[in-house]
Protein chains: 2
Amino acid sequence: MLIGELAARTQVPAKTIRYYEEVRLMAPPARAPNRYRDFDQPAVERLKFIRGAQSLGFGLGEIREIIAYRDRGETPCAHVLDLIQRRSRELVERIDELRRSQKELEKLARRARRLSPKDCEPSQICHLLAPAGSD
Amino acid sequence: MLIGELAARTQVPAKTIRYYEEVRLMAPPARAPNRYRDFDQPAVERLKFIRGAQSLGFGLGEIREIIAYRDRGETPCAHVLDLIQRRSRELVERIDELRRSQKELEKLARRARRLSPKDCEPSQICHLLAPAGSD
DNA sequence: CTTGACCTTCCAGTGTGGAGGAAGGTCTAG
DNA sequence: CTAGACCTTCCTCCACACTGGAAGGTCAAG
């Protein structure tokens, strides 16, 4: 199938598919006599795999690693499990960080609704974002 | 004070301070006769303000907006409150997204520990990351 | 007078994941 | 035969927030 059809089937832009090939995420496909790329069904699966892994937060580099295992004929499972667990732990930390920021923002918003602009002190840029005191 | 001292006081690299000036986050400071930058106390506050706002997830563009209000002599409070609330909502969404990803990863990890590499099907790149079925 | 620690400007590159566009080849329909 | 819808390669650029390095000026100590 041509790149446009693959793009339509997977919802991945043709430009992006060529890019994945360039960065060795997708194997170079067969070429028709007119040099058009001619993709097969596994290409569809691989592309879906890439987007799926991406949506789980894996970067293209990690995805390439996983695929490389498979391409060497090894089962990537142990490696993938490791990646999964690492990313899971990273996510937990990141979520915690964001939750703290979000709480801080809510605190600021409450403070902002209580105070009026008249309380602005010229010495500060904005009291709302001044180093937070107790609230 | 020289840029190095400002850097030491605020823990912001001198290079970054020059960068902030270049992108109009920091006002161009006075210059000594030798053309060295000569910062005053408000520069310290502004720099701390920038880093503080940054740690709350504001981008440099948003921070510049806030500062611009102040520099025009207006109280940025209403605008800032709006930004705070928007970012807070964004964060809630983002956190939810990440939490879903993280749950999905945990599910995959559980599955991985139950299955053995022998279960790998050659037709897939890695069954662990295949489109998830019921678990 | 030299050394070393500062400072200056300017130009270029980092990483991530692509997007945009030019110039040109190919295929199908009418 | 021509239009237009594909496809090809190649090159450049985007946001984001810096960071590195070259080449050179300045200043205080010894």
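So, here is what we can say about the structure in this document. (Residues numbered from 1 in each chain as written. Chains lettered and ligands numbered in written order. Predicted model: local features only at pLDDT ≥ 70, side-chain atom pairs only at ≥ 80, totals over all residues. Heavy atoms only, no water.)

Here we look at the overall build of chain A
Helix and strand counts for chain A stand at five helices and two strands. Taken from the N to the C terminus, the helices and strands of chain A come in the order α-α-β-β-α-α-α. Per-residue burial over chain A gives 42% buried out of 135 residues. For chain A, contacts bridging at least 24 residues in sequence account for 45% of all contacts bridging at least 6. Just so you have it, chain A exposes about 8000 Å², and 49% of that area is on carbon and sulfur atoms. (Helix = DSSP H or I, 4+ residues; strand = E, 2+ residues; numbered from the N terminus. Buried < 20%, exposed > 50% of the residue type's maximum accessible area, 1.4 Å probe, protein only. Contact = heavy atoms within 4.5 Å. Areas by Shrake-Rupley, 256 points an atom, 1.4 Å probe, with all protein chains shown as cover.)

Re the protein's contact with DNA strand D
Close to DNA strand D lie 19 residues; Gly4(A), Arg37(A), Lys15(B), Tyr36(B) and Gln54(B) are nearest. Sugar and phosphate atoms represent 64% of those atoms of DNA strand D found within 4 Å of the protein. In this structure, a phosphate oxygen belonging to DNA strand D sits 3.0 Å away from a side-chain N or O atom of Arg31(A). Asn34(B) has a polar side-chain atom sitting 3.3 Å from a phosphate oxygen of DNA strand D. Contributions of two or more residues to the surface near DNA strand D are made by helix 1 (3–10) of chain A together with helix 2 (14–22) and helix 3 (41–55) of chain B. The element best represented in the surface near DNA strand D is helix 2 of chain B, accounting for four residues. (Near = heavy atom within 4 Å. Polar contact = N/O pair within 3.5 Å; in protein donor to acceptor, adjacent residues only side chain to side chain.)

Overview of the protein's contact with DNA strand C
Residues in contact with DNA strand C amount to 18 residues; listed here are only the nearest, Lys15(A), Tyr36(A), Gln54(A), Gly4(B) and Arg37(B). Sugar and phosphate atoms represent 67% of those atoms of DNA strand C found within 4 Å of the protein. Between a phosphate oxygen of DNA strand C and a side-chain N or O atom of Thr16(A), the distance comes to 2.7 Å. Side-chain polar atom of Arg31(B) to a phosphate oxygen of DNA strand C: 3.1 Å apart, as the coordinates give it. Among the elements of the structure, helix 2 (14–22) and helix 3 (41–55) of chain A together with helix 1 (3–10) of chain B are those that each provide at least two residues to the surface near DNA strand C. The biggest single contributor to the surface near DNA strand C is helix 2 of chain A, with four residues.

Things to note about the packing of aromatic side chains
One pass over the full model with this rule turns up two aromatic pairs over all chains. Ring centres of Tyr19(A) and Tyr20(A) lie 6.1 Å apart, and the angle between their planes is 45°; on these two criteria the pair is classed as tilted. According to the relative accessible area criterion, Tyr19(A) is partly exposed, its value standing at 39%. Residue Tyr20(A) is classed as buried on the basis of its relative accessible area, which comes to 2%. If you follow Arg87(B) out to its NZ or CZ, it ends over the ring of Phe58(B), 6.0 Å from the centre. (Phe/Tyr/Trp six-rings, centres within 6.5 Å; stacked < 30°, edge-to-face > 60°. Lys NZ or Arg CZ within 6 Å of the ring centre and 35° of its normal.)

Remarks on the packing of helix 1 of chain A against helix 2 of chain A
The relative placement of two packed helices comes down to the angle between their axes together with the axis-to-axis distance. All names here are of chain A. Taken N-terminus to C-terminus, the directions of helix 1 and helix 2 make an angle of 105°; their axes are 9 Å apart at the nearest point. Considering their axes alone, helix 1 and helix 2 lie roughly perpendicular with respect to each other. Contacts between helix 1 and helix 2 involve Ile3, Leu6 and Ala7 on the former and, on the latter, Ala14, Ile17 and Arg18. Broken down by class, the residue content of the contact of helix 1 with helix 2 amounts to five nonpolar, no polar and one charged. (Axes fitted to C-alpha atoms, helices over the stretch in contact; angles between N-to-C directions. Parallel < 35°, antiparallel > 145°, perpendicular 65-115°, else oblique. Nonpolar A, V, L, I, M, F, W, Y, C, P; charged D, E, K, R; others polar.)

What to know about the side chain of Glu62(A)
By the element assignment, Glu62(A) lies in helix 4 (residues 60–71). Apart from residues no more than four positions distant in its own chain, Glu62(A) is found in contact with Gly57(A), Leu83(A) and Arg87(A).

Brief notes about a positive patch on the surface
Positive charge collects at one region of the surface, where Arg99(A), Lys103(A), Arg110(A), Arg113(A), Arg99(B), Lys103(B), Arg110(B), Arg113(B) and Arg114(B) lie side by side. Secondary structure elements with two or more residues in the positive patch: helix 5 (77–114) of chain A together with helix 5 (77–114) of chain B. If one sorts the elements of the positive patch by residue count, helix 5 of chain B sits on top with five residues. With a relative accessible area of 53%, Arg113(B) lands in the exposed category. (Patch = residues over 30% accessible without salt bridge, like charges linked within 9 Å, V, L, I, M, F, W, Y side chains within 5 Å. Salt bridge = Lys/Arg side-chain N within 4 Å of Asp/Glu carboxyl O. Lys, Arg positive; Asp, Glu negative; His and termini not counted. Charge placed at Lys NZ, Arg CZ, Asp CG, Glu CD.)

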